[in-house]
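Descriptive analysis of the structure
This is what each chain is made of:
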Amino acid sequence: MDLPTLWFVLLAVLWTGYLVLEGFDFGVGMLFPVLGGRAFAADAQDAEKRRRVLLNTIGPVWDGNEVWVITAGGATFAAFPHWYATMFSGFYLPLLLILVALILRNLGIDYRHKRPEQAWKGRWDKAIFWGSLAPAFLWGVALTNVVRGVPIDARKEFTGNLFTLLGPVGLLGGLVFVALFLTHGAIFVALKTDGPVRADARRVAALTGTVALALAGALLLVLGLGQGKPASWATSAVAALAFAAALLANARGREGWAFTGTAVTIASSVATYFLLLYPNVMPSTISPAYNLTIDNAASTSYTLTVMSIVAAVFTPVVVLYQGWTYWVFRKRLTAQHIPEDVHLQAAAR
Amino acid sequence: MDATDLARWQFAITTVYHFLFVPVTIGLSFVVAVFHSAWVRTANPDWLRLAKFFGKLFTINFALGLVTGLVQEFQFGMNWSDYSRFVGDIFGAPLAIEALLAFFLESTFLGLWIFGWGRIPQRLHAATMWIVHVGTLLSAYFILAANSFMQHPVGYRFNPATGRAELTDFWAVLTNKVQLVTFPHIAFSAYMVGGAVVMGVALHLMRREARRRSEPEATDRDAAGSDVSLYRRATRLGAALTLVAGLGVAATGDIQGKIMTEVQPMKMAAAEALYETSPAGVGAPFSVLTIGSLDGQRATPLIEVPRLLSFLATGSFTGEVRGITDLKAEYAARYGASGNPLTADRETAYVPNIPTTYWTFRLMIGAGVAAAAIAAAVLWLTRKGRAPTARWLLYAAVAAPLLPVFGNSFGWIFTEVGRQPWLVFGLMTTATGVSPSVSVGEVITSMVVYTLLYGALAVVEVKLFLTYVRRGAEPFEAPKEPSDLDEDAPLVFAY
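This section reports on the structure supplied with the text. Residues take numbers from 1 onward in each chain, read along the sequence in its written order. Lettering for chains starts from A, numbering for ligands starts from 1, and both go in the order in which the items are written. For a predicted model such as this one, the threshold for reporting local features is a pLDDT of at least 70, and the threshold for listing and counting side-chain atom pairs is 80 or more; totals across whole chains, interfaces and linings nevertheless cover every residue. Calculated side-chain values reflect all of the structure's heavy atoms, with hydrogen atoms and water omitted.

When helices and strands are tallied, chain A shows 12 helices and 2 strands. Along chain A, helices and strands appear, N-terminal first, in the series α-α-α-α-α-α-α-α-α-α-α-β-β-α. Using C-alpha atoms as the atom set, the radius of gyration is obtained and then compared with a globule rule of 2.2 Å times the number of residues to the power 0.38. Computed over its C-alpha atoms, the radius of gyration of chain A comes to 21 Å, within 12% of the 20 Å expected for a compact globule of 349 residues. Here the C-alpha coordinates of chain A stretch approximately 70 × 45 × 40 Å along the principal axes. Excluding contacts between residues fewer than 6 apart, the proportion of contacts in chain A whose partners are at least 24 apart in sequence is 80%. Total accessible area on chain A is roughly 12600 Å²; 69% of this is exposed by carbon and sulfur atoms. Counting 26 positive and 19 negative side-chain charges, chain A places the averaged centre of each group 5 Å from the other. Put simply, DSSP marks the helices as runs of H or I at least four residues long and the strands as runs of E at least two long, and each gets a number from the N terminus on. Here, residues are in contact when the closest pair of their heavy atoms is within 4.5 Å. Under the convention used here, a 1.4 Å probe and the Shrake-Rupley method define accessible areas, while residue burial counts only the protein chains that appear. Counted as positive: Lys and Arg. Counted as negative: Asp and Glu. His and the chain ends are not counted at all. Note that the charge is assigned to NZ on lysines, CZ on arginines, CG on aspartates and CD on glutamates.

Shown next as structure tokens:
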């Protein structure tokens, strides 16, 4: 495998890491008003307890999960500078929205519990919900547009605008990401909690899962019919089967298997996207001659070699210690594990 | 204002804002790690109370540093795509490695530290904060290596076929001589900030507790349970760290000045607004304060230290310091025909904004000296068990953390403005680095959004920070080892 291809594969790995991990964080955030809202909670007090249970399932790990996208961005910059430059300047407004959403969501997660007032919490709850929904949707729109191609001219510049990206397939891509992450997140909650929240999460997963299956099936079909190749059909099939298996496992209360299923679904969907792209990294709809490819967008082989050595040494280390934190915080949570609200008055002596 | 100016303003606003939180993160992670380890070694409850108290302040600050850092990572591609294309081969690598080596460490182990109470053994728990601290230093190292390349490009070649700079020696980029002195300068200044935050916060609380104890209605119980000694200890530690780190900042800054004179003589000339070269054997003075405009004609220095500029720039009191006029002519001759298409439309003047460089250079030094002076005064006033309560100490407590934080801002504004009109010194001008496909409207949108959002978040953050300062250290509670934990009991810490 030549170096640009290796880095193309490594970027697929980084995006997989990001979407599998932050995917359930987004799902949990979007489920805040559902599993922690009127639909399931007995009263306001119960809703608050449930929200805190939800938030604590991702509490120790969400921040590390998000680093995968920073690494993916940095790696794109280092390995394919033209891809990074064209995509980030071209998708200016969607990326701005993603950043604002992530800023508000992250602060929501960090700051929500730091004051006991309901008004304070309510504001951050909104930030957590919208800050999870918007990036899930917009990453779907953006990445689907990358695969489908966008107007790129001879100078490697994006010539479209926001509405270029909001075509029907792009929007479908956004919806698929939302539905998929909702299901993935609900199954994660079922896996990490016990009691009523666990049962409710499974019910939600069954519902959103059916919608996600239909939407994702349609999207993979549209993309495949447009530019499919045998390998991408194979990974699409794996994605579909794994998702069906996940829903089945969820119905039988086997949350571990269900979560494995949705994780495999996301991984093979990313694989499908990258296989559809290859050997392009950002095809042009103006002319195939303007396509950004793994060769004309890549860094020099010296840079790629340096990066390969660093990645080969440190990625396994990262996976090991991140995996270990999941082991440390493996215990299922229930409402009784949630401590009292914080007291803000000066500590009594 | 055109798209370039807007993009520059946006970068300045978002980066200066981001760097308000970064030194606090580096400095406080160190202090919290020290407190936590001291508890593990001595079992003195004070250390644990301090570790937890400053740990809370640390997490409030860390959250904003992290989210504003996201913007930085994306901004190169969003607003500076031609720059990204030109240097991606070199600049991208340290950025990617920063994420892989540093951000994962910081985020993962901070999660472990925050939620680890009662879940991981005490020794390991203290170690997680040390790992966070190492992560912050690694992060600083790699991003400064990238910045040092912009100040003094090394380890690359210019490829005329692609019109891009290409990496030829990564080790040279990591050991750039600008980098080797900038990293310790920034690290020391971050420790200075960390020390000053601890000093300021603890000084305020010490004063509050001491006044409470001396009130007429104070009971014996108040006096016995008073936290004066707890906060006095933290005050003195913070002051000592501020002072020691301040010496480190001064020493590294001195070396930096000499390297800067060598690789970017225009920046040193701009720091003093020195127009005419001061020949060897004479000794250029350093003006502390000047009135009038700094255009080389109507400036009137009010306070001037003879020969100091020569010493700062060359290490000799009579060394030659080249002036702006000479350097401008030399640059015009050298870069007039660079052969690099991306610098073809370079500005003809190679002079940065002199009032900005002149004043930020002085404000940087002044802020650092003032913070160190406060630290020295506080150490003196709290000697031998003294816990002073004078009212002016309250102002000192507020000023102490702000001075080095803004000193950092001034330093960065100086060094970045002083590099202008270059984006990468000698290779690419700032005007040629912006994104051609991004419209003025888009940059205005993002600038307005960031400015409003960052402004609002500053208010939220500062209020929350002060709320937790007022709350003070929590009473001691012996932490549980994971083995004694009841599976169904509430978590020690939860969101």
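Now, onward.
Now for the overall build of chain B. Within chain B one finds 14 helices and 6 strands. Taking 23 Å as the expected radius of gyration for a compact globule of 495 residues, we find that chain B reaches 25 Å, a close match to that expectation. With the principal axes as the frame, chain B shows a C-alpha extent of 80 × 50 × 40 Å. Per-residue burial for chain B yields a buried fraction of 58% across its 495 residues. For chain B, the proportion of contacts with a sequence separation of at least 24, taken over those separated by at least 6, is 80%. About 18700 Å² of surface is accessible on chain B, with carbon and sulfur atoms providing 65% of the total. Of the side chains in chain B, 38 bear a positive and 37 a negative charge, and the two mean positions are spaced by 8 Å. Only protein chains enter the accessibility calculation, which uses a 1.4 Å probe. A residue is then buried if its area is under 20% of the maximum for its type, exposed if over 50%, and partly exposed in between.

What follows concerns the packing of helix 6 (residues 177-214) of chain B against helix 13 (residues 392-419) of chain B. Residues and elements named next belong to chain B. Packing of helix 6 against helix 13 brings their axes to within 7 Å, and their N-to-C directions diverge by 165°. Classified by the angle between their axes, helix 6 and helix 13 sit roughly antiparallel to one another. When you trace helix 6 past helix 13, the crossing you get is left-handed. Along its contact with helix 6, which presents Ile186, Ser189, Met192, Val193, Ala196, Val197, Met199, Gly200, Leu203, His204 and Arg207, the element helix 13 presents Leu393, Leu394, Ala396, Ala397, Ala400, Pro401, Pro404, Val405, Asn408 and Trp412. Polar here means any residue outside two lists: the nonpolar Ala, Val, Leu, Ile, Met, Phe, Trp, Tyr, Cys and Pro, and the charged Asp, Glu, Lys and Arg; Gly therefore counts as polar. Residue composition of the contact of helix 6 with helix 13, grouped by class: 16 nonpolar, 4 polar and 1 charged. Helix axes are fitted only over the stretch in contact, all axes being lines through C-alpha atoms; the angle between N-to-C directions runs from 0 to 180 degrees. Here is the rule for angles: anything less than 35 degrees is roughly parallel, anything more than 145 is roughly antiparallel, 65 through 115 is roughly perpendicular, and the remaining ranges are oblique. Less than a right angle of anticlockwise turn of the near helix away from the far helix marks a crossing as left-handed, whereas a clockwise turn marks it as right-handed.

Here the focus is the interface of chain A and chain B. Taken together, the 82 residues of chain A in the interface contact 89 residues of chain B. In total, chain A and chain B occlude about 7500 Å² of area from one another, counting both sides; carbon and sulfur atoms represent 69% of this. Only one rule defines a salt bridge in this text: a Lys or Arg side-chain nitrogen within 4 Å of an Asp or Glu carboxyl oxygen. Applying the counting criterion to the chain A and chain B interface returns 1 salt bridge. A:Glu157 serves as the salt-bridge partner of B:Arg85, at 3.4 Å between the closest nitrogen and oxygen. Pairs of N or O atoms are called polar contacts if they sit within 3.5 Å, as long as, within protein, a hydrogen donor faces a hydrogen acceptor (for residues adjacent in sequence, only side-chain-to-side-chain pairs). For the pair chain A and chain B, the number of links is 26 residue pairs in polar contact (both at pLDDT 80 or more). Where the side of chain A that touches chain B is concerned, the elements lending two or more residues are helix 2 (44-58), helix 3 (62-79), helix 4 (81-90), helix 5 (92-111), helix 6 (118-148) and helix 12 (301-328) of chain A. Accessible-area loss on putting two parts together, using a 1.4 Å probe and summing over both, is the definition of buried area adopted here.

Let us look at the pattern of salt bridges. In the structure shown here, the tally under the stated rule is 32 salt bridges over all chains. Measuring nitrogen to oxygen at the nearest pair gives 2.7 Å for the salt bridge that ties A:Arg105 to A:Glu66. Of this pair, A:Arg105 sits in helix 5 while A:Glu66 sits in helix 3, placing them 39 residues apart in sequence. For B:Arg334, the salt bridge goes to B:Glu330, with nearest N and O atoms at 2.3 Å. Here B:Arg334 pairs with B:Glu330, and both are found in helix 11 (residues 324-335), just 4 residues apart, close to one helical turn. Put simply, A:Glu48, A:Arg51, A:Arg52, A:Arg112, A:Lys121, A:Asp125 and A:Asp341 are held in one network by salt bridges that share partners.

It is worth spelling out the packing of aromatic side chains at this point. Residues and elements named next belong to chain B. Between the rings of Phe, Tyr and Trp (Trp by its six-membered ring), a pair exists once the centres lie within 6.5 Å; its type follows the angle of the planes, with under 30 degrees stacked, over 60 edge-to-face, and the other angles tilted. Summed over all chains, the structure comprises 62 aromatic pairs over all chains. The interplanar angle of 20° and the centroid separation of 4.4 Å between the aromatic rings of Tyr17 and Tyr454 together place this pair among those described as stacked. With Tyr17 in helix 1 (residues 3-42) and Tyr454 in helix 14 (residues 440-471), the pair connects residues that are 437 residues apart, well separated along the chain. With relative accessibility at 10%, the residue Tyr17 sits in the buried group.

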